[in-house]
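# Overview (structure and organization)
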Amino acid sequence: MPRKLILDVDTGTDDAVAIMMAALHPDLELIGVTTVNGNVVVEHCTDNSLRVLDFIGRGDIGVYEGLARPIARSDFPIPRAIKKSTGVHGTELDVPPATSRKQNKSAVEFLIETYRAATDEITLVPTGPLSNIAAALALDPKFVERVPELVLMGGAHDHGNVTPSAEMNIWADPDASASVFAAGFRKLVCVPLDATHQALVSRANVLEMEAMGTPAGTAAARFIGRRIGAYDANQPMAERGAAPVHDALCVAYLVDPSVITTRFLHVAVETQGALTVGRTVVDTHFRGEGKPNCHFAFGADRAKFVAMMLETLRRTA
Ligand code: BDR
Ligand code: CA
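Described in the following lines is the structure provided in the data block.

## Let's talk about the site of ligand 1
- Close contacts around ligand 1 come from 13 residues, with Asp14, Asn39, Asn161, Glu167 and Asp247 the closest.
- Here Glu167 contributes a side-chain N or O atom positioned 2.4 Å from an oxygen atom of ligand 1.
- When ligand 1 sits alone it has 290 Å² of accessible area, and the protein chains cover 95% of it.
- In the shell around ligand 1, the residues fall into 2 nonpolar, 6 polar and 5 charged.

Shown next, in the form of C-alpha cells:
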C-alpha cells in the first residue's frame, strides 16, 4: 500500500519538485497540499502549487491555502525573506497558469479535520515555515498524537542560509518552529541544510530531465536550472553548476530512508537571540537537559537521491 502524505509547502522551485515527486512516485499517495507564506506570499505559493499539479496532470490533488503571516511577530520577516528568495524561486513558476482552483477549506482546518478522521497513517511533510503546523497544534490538543511521523525540511547545524546561524524555514517563523520541535511528535525527522547541501543536483542532471520529454522532467529542468544559476551567483556550493533541491530530499526519504543519515538528538529552536534567532540548537554532545526528540540528518546520499529524482520525473500521471 502506498505511503500517504500531506505536503505543507511554500512553493517555491524546490517545493515544486517535492510536489511532483510526491504526486508521481508509485510508493506514495499525496492526499493534499497545504500552503504557507514563505518563499513568496501565500497566494503565490498556492497558485504555484496548483500550476505544478495541473502541469503534471494531478490537478485532482486538493490545494488548501494556509497562513499568510508568522504566528508571532506579524511584521517579520516577509519583505526580507521575499527579497532574498526571488533569484532562486521567482514569483510565478515557469509553467502555464493553473486551471484548477484552491479548496474553500483553509489549510489548518484541512490538517485538523483530516487527521481527526484518519483511519490510516498519514505522514506530514512541511517544507516551508511551520506556521500552519503550529496553528494546528495550538487549536487541536490531540493533533500531535494523531501524526505518526513528521518529516520537515528546515534547520542547520553547521551554518545557516538566511543568517550565519539560521535556515530560512525555521527563521521565518521561529516561534512556530520552536513549538513544533517541543510538541512531542511520535517521530520527528529533520532534514536540514547539513544534509541537503550534500545532495546537489547538477546541470548534467538538468539536461537529462530536459531530454525526458515528460511534463515533470520539463518543469523540473526549468526549476532546477533556475536554482543552479541563482546558487552559482549568490551562494555557490562546493561544486559549481549544481544546487540543492532541499524539499525534495524529504520526499525521497519517505520512499527510501537510507537516502539520509540521521542522529537521534535533542533539538530546540532559538526564538530570542539577537544574532541567533531561528537557529536549530542541536545537542550533539548531550550537554543539555533535553531528551532526544528529533532524528536530525547530517548526511545525504547524493547518487541515490538524484537517481530516485530522475526515475520519478520520468513518470506521467
Ligand atoms: C528552504 O527555504 C526555502 O527557500 C526552500 O524552499 C526550502 O524549503 C531552504 O532553506
Ligand atoms: Ca520550501
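## Considering the coordination of the calcium ion (ligand 2)
- Donor atoms from the polypeptide that coordinate the calcium ion (ligand 2) comprise Asp10 (OD), Asp15 (OD), Asp15 (OD), Thr127 (O) and Asp247 (OD), at 2.2 to 2.7 Å from the metal.
- The exposure class of Thr127 is buried, given its relative accessible area of 0%.

## Regarding the packing of helix α1 (residues 13-24) against helix α12 (residues 246-255)
- Across the interface, α1 lies against α12 with an axial gap of 6 Å and an inter-helix angle of 25°. By the criterion of interaxial angle, the relationship of α1 to α12 is roughly parallel. Of the two possible hands of crossing, α1 and α12 adopt the one that is right-handed. On α12, the residues touching Asp14, Asp15, Val17, Ala18, Met21 and Ala22 of α1 are His246, Asp247, Ala248 and Val251.
- Looking at side-chain class alone, the contact of α1 with α12 contains 6 nonpolar, 1 polar and 3 charged residues.

## Some thoughts on the pairing of strand β2 (residues 28-35)
- Among the 8 residues in β2, 6 count as buried, and that is most of the element.
- Across 7 bridges, the pairing between strand β1 (residues 3-9) and β2 is parallel. Note on β2: the bridge partner recorded for Val9 is Thr35.
- In this view, the connection linking β1 to its parallel neighbour β2 by way of α1 has right-handed handedness.
- Bridging between β2 and strand β3 (residues 63-65) involves 3 bridges; their strand directions are parallel. Bridged to Thr34 within β3 is Tyr64.
- Taking the sense of rotation as the criterion, the β-α-β connection linking β2, helix α2 (residues 42-55) and β3 turns out right-handed.

## Details of helix α4 (residues 107-117)
- Those residues of α4 that sit buried are Ala107, Val108, Phe110, Leu111, Ile112, Thr114 and Tyr115.
- Here the buried face of α4 lies against β1, β2, β3, β4 (122-126), α5 (131-139) and α6 (143-146).

## Comments concerning the pattern of salt bridges
- For the structure on display, the rule yields 14 salt bridges.
- Residue Asp60 is joined to Arg58 by a salt bridge in which the shortest nitrogen-to-oxygen separation is 2.9 Å.
- Its salt-bridge partner being Arg186, residue Glu121 comes within 3.8 Å of it at the nearest N-O pair. Here Glu121 is found in the loop between α4 and β4, whereas its partner Arg186 is found in the loop between α8 (174-182) and β6 (188-191), with 65 residues between them in sequence.

## Looking at the environment of Arg51
- The topology assignment puts Arg51 in helix α2.
- Beyond its immediate stretch of four places on either side in the chain, Arg51 contacts Glu92, Leu93, Val95, Pro96, Pro97 and Ala98.
- Polar contacts involving the side chain of Arg51 include one to the main-chain carbonyl oxygen of Leu93, which spans 3.3 Å.

## Considering α2
- The end-to-end C-alpha distance of α2 is 20 Å, a good match for the 20 Å that 14 residues give at a rise of 1.5 Å each.
- Taken together, the buried positions of α2 are occupied by Val42, Cys45, Thr46, Asn48, Ser49, Leu50, Arg51, Val52 and Leu53.
- Residues of α2 that are buried make contact with β1, α1, β2, β3 and α11 (215-234).
- Following α2 by one or two positions, Gly57 has its phi on the positive side, about 80°.

## Details of the packing of aromatic side chains
- Tallied over the full model, the rule gives 3 aromatic pairs.
- With a centroid separation of 3.8 Å and 10° between ring planes, the pair formed by Tyr64 and Phe110 is classed as stacked. Of this pair, Tyr64 sits in strand β3 while Phe110 sits in helix α4, and the two are 46 residues apart along the sequence. Accessibility classification places Tyr64 together with Phe110 in one group, the buried group.

Calculation rules
- Residues numbered from 1 in each chain as written.
- Chains lettered and ligands numbered in written order.
- Predicted model: local features only at pLDDT ≥ 70, side-chain atom pairs only at ≥ 80, totals over all residues.
- Heavy atoms only, no water.
- Near = heavy atom within 4 Å.
- Polar contact = N/O pair within 3.5 Å; in protein donor to acceptor, adjacent residues only side chain to side chain.
- Areas by Shrake-Rupley, 256 points an atom, 1.4 Å probe, with all protein chains shown as cover.
- Nonpolar A, V, L, I, M, F, W, Y, C, P; charged D, E, K, R; others polar.
- Donors = N, O, S within 2.8 Å, 3.2 Å for Na, K, Ca; no water.
- Buried < 20%, exposed > 50% of the residue type's maximum accessible area, 1.4 Å probe, protein only.
- Axes fitted to C-alpha atoms, helices over the stretch in contact; angles between N-to-C directions.
- Helix = DSSP H or I, 4+ residues; strand = E, 2+ residues; numbered from the N terminus.
- Parallel < 35°, antiparallel > 145°, perpendicular 65-115°, else oblique.
- Left-handed = near helix turned anticlockwise from the far one by under 90°.
- Contact = heavy atoms within 4.5 Å.
- Pairing = 2+ DSSP bridges.
- Right-handed = clockwise from strand over helix to strand, strands pointing away.
- Salt bridge = Lys/Arg side-chain N within 4 Å of Asp/Glu carboxyl O.
- Expected span 1.5 Å × (residues − 1).
- Phe/Tyr/Trp six-rings, centres within 6.5 Å; stacked < 30°, edge-to-face > 60°.

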